[in-house]
Amino acid sequence: MGQVLLTEIQKGVKSALIKRRIISHFIYVGCTTITELSKAIGLSVPTVTKFVDEMLNDGYVNDYGKLETNGGRHPSLYGLNADSGYFIGVAVSINSLRVCLINFKGDVLKTTADIPFELVNTPECLDKICEVVSGFIAELEIDKGKILNICVGITGRVNPEKGYSYTHLTFTEKPLAEELTERLGVNVCIDNDSRAMAYGEYIMRTDKCARNLIFINVNWGLGMAIIIDGKLYTGMSGFAGEFGHNYGYDNQQICDCGKKGCIETEVSCSALYRKFIERLRKGENSILLKEKSIDEITFDDIISAVQREDVLAIEIVEDIGAKLGRHIGEMMNIFNPEQVIIGGEFSRVGVYLLPPVIASIRRYTLNLMYRDSDITISELKEKANAIGSALLARSKFFALD
């Protein structure tokens, strides 16, 4: 009797795994035929047909009609049912929050604008995150019971498997993911913001994204995400991609991590802000001085100055871009990626970023390494973390153990 029960349990587990493989295929490929699905997951057509029929009945899959062909029988196209479930992404940065809702198919249904916020290691900070997410959920005009997973993309060292953040919100003994799950009443996972942004680009980019790429996140700090053969690389402890904390400069500048001379002390939004203010205090000129005092200038003001062709702001941006290109070149020599995507707040400087980056890459990188690689800017821009986190919430929900 016990052996029979074990066999039934094993069949149930195997069936669930196959269905998750089918859903994962639809996530990455979109609508497809039974024959194509059978080839992709390595199961017979009758077996795949059986599982797709079950998922049709369960409401997770839709029949999207016949595929037009040049003769013969027209096979049906199957894909995910958009309204069968929803996922939420929460972007937690140093000074803002953003929340995003997607449906089962990955369509973006709603995103908030940046919500002013200060990321500090206090219970009140965690309360604020929960308040914002709960308020966002309360206003949604969907079946709340169909929210299947939430992913929080947060800056710093994160172990997504264990659910711990080791840089921010470390005051609780529980894993951050577990704490958020209990407070929000919905399953919550967490990941590093750079990986969330990279994954968002990988899934949503207009042109088919490369399966081997590096995403450079130039924010207040400097992060990196690596996608190898279509999969995010997290490293043994989940900390892969701490690009900005490699030693780079003998500048005696203390990094946020406590060490001196990290790359991000010279290549980051914080570096842009610090350098701009320092040069103003030394007597250099900017259009911003006609509008406010030095102490009132914000990072957004500097971005505005760049867009208005302020000479000082552009000069500093181009200098940082050249340094960024040298360090990207180092990564290209190691990984030889198909594509490098630059995102984060620094990418808002627009047309002034890529020329110095590319020029520096060509100067410091092996010709064979860079000539076939595509160097480009993030398409999702300021929404990348929120959208990417929502998409990660979906993929993690169906992840194959």
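Residues numbered from 1 in each chain as written. Predicted model: local features only at pLDDT ≥ 70, side-chain atom pairs only at ≥ 80, totals over all residues. Heavy atoms only, no water.

1. Examining the overall build of the protein
And then number 1: Summing up its helical and strand segments, the protein has 12 helices and 15 strands in all.
And then number 2: Against the 2.2 N^0.38 benchmark of 21 Å for 401 residues, the protein shows a C-alpha radius of gyration of 23 Å, consistent with a compact globule.
And then number 3: Viewed in the frame of its principal axes, the protein has a C-alpha envelope of about 80 × 50 × 40 Å.
And then number 4: Here the protein, with 401 residues, has 51% of them falling under the buried criterion.
And then number 5: Of the roughly 19300 Å² of accessible surface on the protein, a fraction of 51% belongs to carbon and sulfur atoms.
And then number 6: In the protein, 44 positive and 52 negative side-chain charges are present, and the distance between their average locations comes to 5 Å. (Helix = DSSP H or I, 4+ residues; strand = E, 2+ residues; numbered from the N terminus. Rg over C-alpha atoms; globule rule 2.2 N^0.38 Å. Buried < 20%, exposed > 50% of the residue type's maximum accessible area, 1.4 Å probe, protein only. Areas by Shrake-Rupley, 256 points an atom, 1.4 Å probe, with all protein chains shown as cover. Lys, Arg positive; Asp, Glu negative; His and termini not counted. Charge placed at Lys NZ, Arg CZ, Asp CG, Glu CD.)

2. Here we look at the pattern of salt bridges
Pairing between side chains becomes possible if they bear opposite charge and their charged atoms approach one another.
And then number 1: One pass over the structure, following the stated rule, counts 26 salt bridges.
And then number 2: One connected set of salt bridges, linked through shared partners, spans Glu266, Arg274, Lys275, Glu278, Asp319 and Lys323. (Salt bridge = Lys/Arg side-chain N within 4 Å of Asp/Glu carboxyl O.)

3. Considering the packing of aromatic side chains
Both the distance between ring centres and the angle between the ring planes are used here to describe each pair of aromatic rings.
And then number 1: With the rule as written, the count across this model stands at 12 aromatic pairs.
And then number 2: Aromatic side chains Phe87 and Phe398 sit 6.4 Å apart centroid to centroid with 65° between the ring planes, which places their arrangement in the edge-to-face category. Of this pair, Phe87 sits in strand β3 (residues 86-92) while Phe398 sits in the segment after α12 (384-397); the two residues are 311 residues apart in sequence, bridging distant segments of the chain.
And then number 3: Among the aromatic side chains, those forming a connected cluster through ring pairs are Tyr60, Phe87, Phe104, Phe397 and Phe398.
And then number 4: Above the ring of Phe51, the side-chain terminus of Lys50 is found at 4.4 Å from the ring centroid.
And then number 5: Residue placement shows Lys323 over the ring face of Tyr249; its charged tip is 5.4 Å from the ring centre. (Phe/Tyr/Trp six-rings, centres within 6.5 Å; stacked < 30°, edge-to-face > 60°. Lys NZ or Arg CZ within 6 Å of the ring centre and 35° of its normal.)

4. A look at helix α8 (residues 299-307)
And then number 1: Listed in full, the buried residues belonging to α8 are Phe299, Asp301, Ile302, Ile303, Ala305 and Val306.
And then number 2: Contacts from the buried residues of α8 go to α7 (269-281) and α9 (311-335).
And then number 3: Just downstream of α8, Glu309 is the residue with a positive phi angle, here 65°. (Contact = heavy atoms within 4.5 Å.)

5. Considerations on the nonpolar core
And then number 1: Of all hydrophobic cores here, the largest spans 45 residues; its most connected members are Ile216, Phe276, Leu324, Ile328 and Phe346.
And then number 2: For this core, the elements supplying multiple residues, two or more each, are β11 (213-218), β12 (222-228), α7, α8, α9, β14 (339-343), α10 (354-364) and β15 (374-377).
And then number 3: No other element matches α9, which puts 10 residues into this core.
And then number 4: Look past the residues within four positions of Ile216 in its chain and what remains in contact with it is Leu222, Gly223, Met224, Phe243, Leu324, Ile328, Val340, Ile341, Ile342 and Gly343. (Core = buried A, V, L, I, M, F, W, Y, C linked by side-chain atoms within 4.5 Å.)

6. Observations regarding the sheet that holds β15
And then number 1: The 5 strands lie next to each other as β13-β12-β11-β14-β15, forming an open sheet whose pairing is mixed. This sheet does not close on itself; its edge strands, each paired only once, are β13 (231-233) and β15. Across the sheet, the axes of successive neighbouring strands diverge by a mean angle of 25°, strand direction being ignored.
And then number 2: Against the sheet, helix α6 (residues 193-204) contacts β11, β12, β13 and β14, and its axis sits at roughly 125° relative to β11. (Pairing = 2+ DSSP bridges. Axes fitted to C-alpha atoms, helices over the stretch in contact; angles between N-to-C directions.)

7. Concerning the state of the cysteines
And then number 1: Within this structure, the stated rule accounts for 0 disulfides.
And then number 2: Residue Cys255 stays outside any disulfide, its sulfur separated by 3.8 Å from that of Cys257, the closest cysteine.
And then number 3: Cysteine Cys269 is unpaired, with the sulfur of Cys255 as its nearest cysteine sulfur at 14 Å.
And then number 4: Residue Cys269 is classed as buried on the basis of its relative accessible area of 0%. (Disulfide = S-S within 2.5 Å.)

8. Structural notes on helix α5 (residues 176-184)
Since the α-helix advances by 3.6 residues per turn, residues separated by three or four positions end up pointing in the same direction.
And then number 1: Inspection of α5 places Leu176, Ala177, Glu179, Leu180 and Leu184 among the buried residues, and these make up the whole buried set. Burial along α5 is one-sided: seen end-on, the buried residues are contained in an arc of 160°.
And then number 2: Buried residues belonging to α5 abut α4 (123-138), β7 (147-154), β9 (164-165) and β10 (188-192).
And then number 3: At the exit of α5 stands Gly185, carrying a positive phi of roughly 75°. (Arc of directions from axis to C-beta.)

9. Some thoughts on the environment of Asn219
And then number 1: Secondary-structure assignment places Asn219 in the loop between β11 and β12.
And then number 2: Separated by 136 residues in the primary sequence, Asn219 and Pro355 place their C-alpha atoms 19 Å from one another.
And then number 3: Residues within four places of Asn219 in sequence aside, it is in contact with Met197, Ser268, Cys269, Ser270, Gly344 and Glu345.
And then number 4: Within the structure, Asn219 has its side chain in polar contact with the backbone nitrogen of Glu345 (distance 3.3 Å). (Polar contact = N/O pair within 3.5 Å; in protein donor to acceptor, adjacent residues only side chain to side chain.)

10. Notes on the confidence of the model for the protein
Caution applies to low-pLDDT parts of the model: their predicted coordinates are not meant to be read in detail.
And then number 1: Averaged over every residue, the pLDDT of the protein is 91; the share at 70 or more is 95%.
And then number 2: In this model, residues 1-10 is a region of pLDDT below 50 whose contacts with residues beyond four sequence positions or in other chains number 0 contacts. (pLDDT = per-residue confidence, 0-100.)

11. Brief notes about the environment of Leu180
And then number 1: Mapped onto the elements of the fold, Leu180 is located in helix α5.
And then number 2: A C-alpha to C-alpha distance of 9.5 Å links Leu180 and Ile190, two positions 10 residues apart in sequence.
And then number 3: Apart from residues no more than four positions distant in its own chain, Leu180 is found in contact with Leu126, Cys130, Val152, Gly185, Val188 and Ile190.

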